[in-house]
Protein chains: 2
Amino acid sequence: MAAEFAEGERLDEVTLSARFAVSRTPVREALHGLAASGLVETIPRRGAFVRYPSFIKLVEMFDVMAELEAMCGRLAARRITPEELERLEEAAVACERAMEKGDADDYYRENERFHHVLYQASGNSYLAGEASKLHKRLQPFRRLQLRVRGRLQQSMREHRQVQDAIVKGDAERAADVLRGHIAIQGENLRDLMANFAKQQAGTAARSQSASPESGTRFRDKDMRKIRNPERAE
Amino acid sequence: MAAEFAEGERLDEVTLSARFAVSRTPVREALHGLAASGLVETIPRRGAFVRYPSFIKLVEMFDVMAELEAMCGRLAARRITPEELERLEEAAVACERAMEKGDADDYYRENERFHHVLYQASGNSYLAGEASKLHKRLQPFRRLQLRVRGRLQQSMREHRQVQDAIVKGDAERAADVLRGHIAIQGENLRDLMANFAKQQAGTAARSQSASPESGTRFRDKDMRKIRNPERAE
DNA sequence: GTCAACTTTCTTGTATACAAGATCGTTATT
DNA sequence: AATAACGATCTTGTATACAAGAAAGTTGAC
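Residues numbered from 1 in each chain as written. Chains lettered and ligands numbered in written order. Predicted model: local features only at pLDDT ≥ 70, side-chain atom pairs only at ≥ 80, totals over all residues. Heavy atoms only, no water.

Okay, the sheet that holds strand β1 (residues 10–11) of chain B next. All names here are of chain B. The antiparallel open sheet is built from three strands, whose spatial order is β1-β3-β2. Each edge of the sheet is formed by a strand with only one pairing partner; in this case those strands are β1 and β2 (40–43). Where β2 meets strand β3 (residues 47–50), four bridges bridge the pair, whose relative direction is antiparallel. Its bridge partner being in β3, I43 is matched across the sheet by G47. (Pairing = 2+ DSSP bridges. Helix = DSSP H or I, 4+ residues; strand = E, 2+ residues; numbered from the N terminus.)

Residue and element names in this part refer to chain A. One can describe the packing of helix α5 (residues 104–121) onto helix α6 (residues 125–145) by two numbers: an axis separation of 10 Å at closest approach and a directional angle of 160°. Between α5 and α6, the angle falls in the class roughly antiparallel. In the packing of α5 onto α6, the handedness of the crossing is right-handed. Only A128, A131, S132, H135, Q139, R142 and R143 of α6 make contact with α5, whose side of the interface consists of D105, Y108, E112, H115, H116, Y119 and Q120. Across the contact of α5 with α6, the residue classes tally to four nonpolar, six polar and four charged. (Axes fitted to C-alpha atoms, helices over the stretch in contact; angles between N-to-C directions. Parallel < 35°, antiparallel > 145°, perpendicular 65-115°, else oblique. Left-handed = near helix turned anticlockwise from the far one by under 90°. Contact = heavy atoms within 4.5 Å. Nonpolar A, V, L, I, M, F, W, Y, C, P; charged D, E, K, R; others polar.)

Residue and element names in this part refer to chain A. As for its placement among the helices and strands, H115 is situated in helix α5. Given the relative accessible area of 0%, H115 is considered buried. Along the chain, H115 and L88 lie 27 residues apart, while their C-alpha atoms are 8.6 Å from each other. Among residues more than four places away in sequence, those in contact with H115 are E69, H135, H159, L178, H181 and I182. (Buried < 20%, exposed > 50% of the residue type's maximum accessible area, 1.4 Å probe, protein only.)

In this section: the relation of the copies chain A and chain B. You can overlay chain A on chain B at an RMSD of 0.1 Å; the transform is a turn of 180° with a shift of 0.1 Å along its axis. Such a turn and shift between the copies fits a two-fold axis. Looking at the rotation axis and the C-alpha trace of chain A, the residue lying nearest is A:A36, at 3.4 Å. Of all interface residues in chain A, 100% are interface residues in chain B too; the two copies therefore contact each other through one and the same surface. (Least-squares fit on C-alpha atoms with pLDDT ≥ 70 in both.)

Turning next to a nonpolar patch on the surface. Judged by side-chain polarity, A:L34, A:L39 and A:Y52 come together as a nonpolar surface patch covering roughly 240 Å² of accessible area. For A:L39, a relative accessible area of 39% corresponds to the partly exposed category. (Patch = residues over 30% accessible without salt bridge, like charges linked within 9 Å, V, L, I, M, F, W, Y side chains within 5 Å. Areas by Shrake-Rupley, 256 points an atom, 1.4 Å probe, with all protein chains shown as cover. Salt bridge = Lys/Arg side-chain N within 4 Å of Asp/Glu carboxyl O.)

A separate point is the environment of B:A66. Residue and element names in this part refer to chain B. Turning to its location among the elements, A66 is positioned in helix α3 (residues 55–79). Overall, the relative accessible area of 3% leaves A66 in the buried class. Sequence separation between A66 and L178 is 112 residues; the distance between their C-alpha atoms is 7.0 Å. The contact partners of A66, leaving out residues within four places of it in the chain, are R179, I182 and A183.

It is worth spelling out the pairing of strand β3 (residues 47–50) of chain A at this point. The pairing of strand β1 (residues 10–11) of chain A with β3(A) spans two bridges and is antiparallel. Paired with A:R10 across the bridge in β3(A) is A:F49.

With 20 residues of chain A in contact, the opposing surface of chain B contributes 20 residues. Buried surface at the junction of chain A and chain B, both sides included, amounts to about 1,800 Å², of which 55% is carbon and sulfur. Between the two partners, chain A and chain B, sit four salt bridges. Note that A:E67 is salt-bridged to B:R74, the shortest N-O span being 3.0 Å. Summed over the shared surface of chain A and chain B, the number is 10 residue pairs in polar contact (both at pLDDT 80 or more). Of all the secondary structure elements, the ones that give two or more residues to the side of chain A that touches chain B are α2 (24–37), α3 (55–79) and α6 of chain A. The element contributing the most residues to the side of chain A that touches chain B is α3(A), with eight residues. (Buried area = accessible area lost by both parts, 1.4 Å probe. Polar contact = N/O pair within 3.5 Å; in protein donor to acceptor, adjacent residues only side chain to side chain.)

This structure, assessed with the given rule, holds two cavities of 30 Å³ or more. Together, B:Y107, B:Y108, B:N111, B:R142, B:R143, B:Q145, B:L146, B:R151, B:S155, B:H181 and B:Q185 line the largest cavity. Of all elements in the fold, only α5 (104–121), α6 (125–145), α7 (151–167) and α8 (171–200) of chain B reach the threshold of two or more residues within the lining of the largest cavity. Among the residues making up the lining of the largest cavity, the classes are represented as three nonpolar, five polar and three charged. The calculated volume of the second largest cavity comes to roughly 70 Å³. Forming the walls of the second largest cavity are A:Y108, A:N111, A:R142, A:Q145, A:L146, A:R151, A:S155, A:H181 and A:Q185. Of all the secondary-structure elements, those providing two or more residues to the lining of the second largest cavity are α5, α6, α7 (151–167) and α8 (171–200) of chain A. A per-class count over the lining of the second largest cavity returns two nonpolar, five polar and two charged. (1 Å grid on protein atoms, 1.4 Å probe; cavity = no way out; pocket = protein on both sides within 12 Å on 5 of 7 lines; lining within 4 Å. Points joined across faces, edges and corners; volume = space filled by probe spheres on them.)

It is worth stressing that arrangement in space is one thing and function is another; only the former is reported here.
Below is the structure:
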């Protein structure tokens, strides 16, 4: 399920339509949607290719996420309503319960609730939307990290610090704590990926086989045809 | 050209396909693209509706843009390469020439170049991409502002301040100046819109006529059919 | 006259057919 | 034998046909 489609794999429209027992039309629309959300890259007249974010790109995305969350925190510290404060407390309590149970899945869900309350509390609906989108995209990699030893407890402490700063209306501290809260996930990711790379070192080359760059071998005679790749978008 | 499609207007697929002399298929794909970029809202089984960002949303977007640019500046101050520094200077000089000529269109183009160099110089390609996307979306509203009296000169001064901070490697100052540089556009927008509203006050009501909320009159008898609007995505 | 159920019409969503570009294989030429 | 030109095949992009859901109009009951 997790590794159903390999990085670089070409997604053939007819194959997919056969597999899901629909015509090519909805398949095409779905592929365009995935392309918009970045999971797939489409090259005109060539097809759609699976694009998992590279490690570099993931770290970059976590950096941006950290900044967006910091902005949410800064604004929320000034703008949060009593009702939202209450929901923040509820989410924090739920997180605490999950942590005490040691239930990572549960913590993960409640953690998400906590952050979404913050996005809303920023009072900037565009920001909230963008933060949610990126949060969702980084979701699987965030989830991975909750397995790291002691991460749940640390995460919880950071949540309480954020909450404290917001209750006190300390915008800059809320921003800083949140920035760190996310940035540390980028750091942890580095560690996880390093370990993962050690294990998977042997099979890495194979997974690249179907990518358009490495897989489609341009023969010398075809090189005369000068094509500009004309990347989608 | 500018106001070819009115806010809330329904975009009929067959009408559009007739107008552009293509079949419905590419029209549908184009509409989906516009929906992804936020210019159009699609409601399942109902159609696509023109959605210009509201004034509130615009201000929100400028706030986020300010933060993204600030982040670019902070990173660029530390990571910019000599080659990028050179391109920044080139863009700044080009801006200066345009300003001296008083050519707002030209300044607008070169200003864009200046900012794109900064995005690149951040060394975070994801950030650069997101900043470019939002920049592009705010483009028409930015452009409006260059007509404001004295804005060109002020903008130019701010550019030089940004450049100075980056040359000196002062990350926080670069961030602060850039944040202000963008934030002021949100402020100016407020003024422009206030003036615009005064002029257009009479015609405002009419432009809403075709929106699905106000235009589609549900008759009482139809209210029994409980539909969840099921907003797209 | 008003309101509800039915029917008609219109529009989106999906399937299929066709056109055009791209890759791959074959053949001919140097 | 290597390379270029040509043609066959496959795949995407577009057009058209069909199905299903939504809005509007019509008829009938109270």
